[in-house]
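# Survey of secondary and tertiary structure
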Amino acid sequence: MSAYRPLSETQRNRSLYQRMFLVHAFLFLCALVVVARLLELQLLRGDEFLASAQAQHYGGVVLPARRGEILALSSKTGETSILATNTTLDLVYVDPLITDDPTLVAETLADILVTPEFCDACAKGAQSCPRELMDYFAPAFDPFERVRTIKPEQLLEPLPKELPLPSDLVLPDVTEVRRRFARNIEELIAEKRVRFVPLMYGATKLQIRSVQELGINGINVNVDGKLIYADPEEVNQSGITETARKLSGILEMDAAVLRNLLRSRPLRYVSVMRRLPPVLSARIREVQQQSQQETLRRKKAAANPSAAEQIADPLRSIALLAEHWRFYPDSTLASNVVGFLNATQEAQYGIERTFDPQLRGQEGLISTVSDPTGGQILTAEQTIVDPKDGDSVVLTVDRSIQEEVEAIMERSVKDFEADSGQAIVLDPKTGRILAMVNAPLFDSNNYSIVYEKEPIYLDEGKRK
């Protein structure tokens, strides 16, 4: 057995110094990590985080500008007539962040918006059916369902333009549609963060392939729908600047705009239905007013002020937003010349696209400061920039001549079974274009119907 030998004073001091050195070295490394991180946040990426903080703290309410009109000029009287104008209809949306009872909000909106008149129009496959309800009546909009009503001996006869729906077709009633619509709204407003941001509609195959090759987490594509979209909650927020830079060239968008779209943020807007008839807008306002009065009554009946503060209007998350929609009074008149605005209010060819900078005007802005929950704070620095309405464009097209030439061209295309036909009428003295026709025409108010399927029956001769 070896005897225990206590450490000498020198050995104890050496051991103490070694432990102190290790502790100091560890603390020094931690300090280096903290300093390096501070340098990254303050110097290398300071501008990025400052911009992100300001984007969350400083915001604004965009004031839409009224789009200019497109007018036709009479060659004889000099009077103008409207080819394209605007109509203002409300959009109803819900703010999920201040929704206390999603079920109540969803069922209240469904009871108001799903009307028997809408359901009757949808069941007939009419274009007056709101787009938000079309999925519940999908068979009514399928032309091949109507084909089943045709008897074999009718195949060689001229088919009626509006084929009836089969008698055995089962479509949901008003109660069922309201139930489904309410559940859909409830599901949408249950999400509290923005999880879907469309980046590009109608993307090309090259753009889709380029985005897929990047393999960026949170950036997704829908090949069939030609859609490129993002889930900000899955996008790496620390590398959002680099992600926006990589996508900007492919999507042909400004990197700053993309960076704002990819930013993680609370969901404050869920669109429920667009283009509300004025009677439905009035009904929503009436229900909201009744809810506010009931909330006020409950606050007055509260036991104490503290309890009264806890009582909130259950329908305060429902809001109406006035939107300017393009309206073409004569639908098909000069449709190929005028063009149209698509569902995202982007100008599509014709005068609408060529003169878009002059027609669209300049949006206004109410600058605001937001609290941590997204609520607006009134400050002395709040500014209001009024919107500037767009300019109107007057064409030399004569409405009467245009209408007559279109009728002649439509008949000629049908009689000669041509794919298309074009005609231009000029004033020989001045060279002014009095009519410009390209048949077949389309309805500028319902431009999407040109993509609908239509059954065509050919006799034996035409098949060969």
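A brief look at the structure comes next. Not measured: the values here are computed from a predicted model.

### What to know about the sheet that holds strand E6 (residues 227-230)
- One open sheet accounts for three strands, arranged E4-E6-E5; its pairing is antiparallel. Each having just a single partner strand, strand E4 (197-201) and strand E5 (219-222) make up the two edges of the open sheet. Recorded for the sheet is a direction-independent mean angle of 25 degrees between the axes of neighbouring strands.
- Looking at chain direction, E4 and E6 are connected through four bridges and run antiparallel. Counted as the bridge partner of Val-197 is Ala-230 from E6.
- Its contacts with the sheet place helix H7 (residues 205-214) against E4, E5 and E6, and it is angled at close to 145 degrees to E5.

### Observations concerning the nonpolar core
- Counting 53 residues, the largest nonpolar core has Leu-109, Leu-113, Leu-133, Phe-181 and Leu-199 as the members making the most contacts within it.
- If we skip the residues at most four places from it in the chain, Leu-133 touches Val-114, Phe-118, Cys-122, Val-177, Phe-181 and Met-273.
- Core analysis: the second largest hydrophobic core is formed by 19 residues, Ile-70, Tyr-328, Leu-395 and Val-397 among them.

### Quick word on the packing of helix H3 (residues 102-113) against helix H10 (residues 278-300)
- The contact between H3 and H10 brings their axes to 10 Å, and the two run at 145 degrees. As H3 runs across H10, the sense of the crossing is right-handed. Touching Thr-108, Leu-109, Ile-112 and Leu-113 of H3 are Leu-280, Arg-283, Ile-284 and Val-287, all from H10.
- Taken together, the residues of the contact of H3 with H10 sort by class into six nonpolar, one polar and one charged.

### So, the pairing of E5
- Alignment of E5 against E6, held across four bridges, turns out to be antiparallel. In the strand pairing of E6, Asn-220 is matched with Tyr-229.

### Comments concerning the environment of Gln-348
- Position of Gln-348 among the secondary structure elements: in strand E10 (residues 347-348).
- With ten residues separating them in the primary sequence, Gln-348 and Val-338 have C-alpha atoms 9.2 Å apart.
- When sequence neighbours within four positions are dropped, the list of residues in contact with Gln-348 reads Gly-339, Phe-340, Asn-342 and Arg-353.

### Brief notes about unusual backbone geometry
- Look at the link from Ala-439 to Pro-440: it is a cis peptide, with omega at 5 degrees.
- As for its placement among the helices and strands, Pro-440 is situated in the loop between strand E16 (433-439) and helix H16 (460-463).
- Residues other than glycine seldom take positive phi values, yet Arg-275 does so here, at roughly 55 degrees.
- Along the chain, Arg-275 falls in strand E7 (residues 270-276).
- Exposure remark for Arg-275: the relative accessible area of 43% places this residue in the partly exposed category.
- One non-glycine residue, Ser-331, adopts positive backbone phi at about 60 degrees.
- Inspection of the secondary structure assignment puts Ser-331 in the loop between strand E8 (318-327) and helix H12 (335-338).

### Some points on the pattern of salt bridges
- In the structure shown here, the tally under the stated rule is 19 salt bridges.
- A salt bridge links Asp-100 to Arg-316; the nearest nitrogen and oxygen atoms lie 2.6 Å apart. Of the two residues, Asp-100 sits in the loop between strand E3 (80-94) and H3 while Arg-316 sits in the loop between helix H11 (305-309) and E8, which places them 216 residues apart along the sequence.
- Taking relative accessible area as the criterion, Arg-316 reaches 34% and is therefore assigned partly exposed.
- Here Asp-356 ties to Arg-360 by a salt bridge, and the two come within 2.5 Å at their closest N and O atoms. Here Arg-360 and Asp-356 lie together in helix H14 (residues 356-360), a separation of four residues that amounts to about one turn.

Calculation criteria
- Residues numbered from 1 in each chain as written.
- Predicted model: local features only at pLDDT ≥ 70, side-chain atom pairs only at ≥ 80, totals over all residues.
- Heavy atoms only, no water.
- Pairing = 2+ DSSP bridges.
- Helix = DSSP H or I, 4+ residues; strand = E, 2+ residues; numbered from the N terminus.
- Axes fitted to C-alpha atoms, helices over the stretch in contact; angles between N-to-C directions.
- Contact = heavy atoms within 4.5 Å.
- Core = buried A, V, L, I, M, F, W, Y, C linked by side-chain atoms within 4.5 Å.
- Buried < 20%, exposed > 50% of the residue type's maximum accessible area, 1.4 Å probe, protein only.
- Left-handed = near helix turned anticlockwise from the far one by under 90°.
- Nonpolar A, V, L, I, M, F, W, Y, C, P; charged D, E, K, R; others polar.
- Salt bridge = Lys/Arg side-chain N within 4 Å of Asp/Glu carboxyl O.

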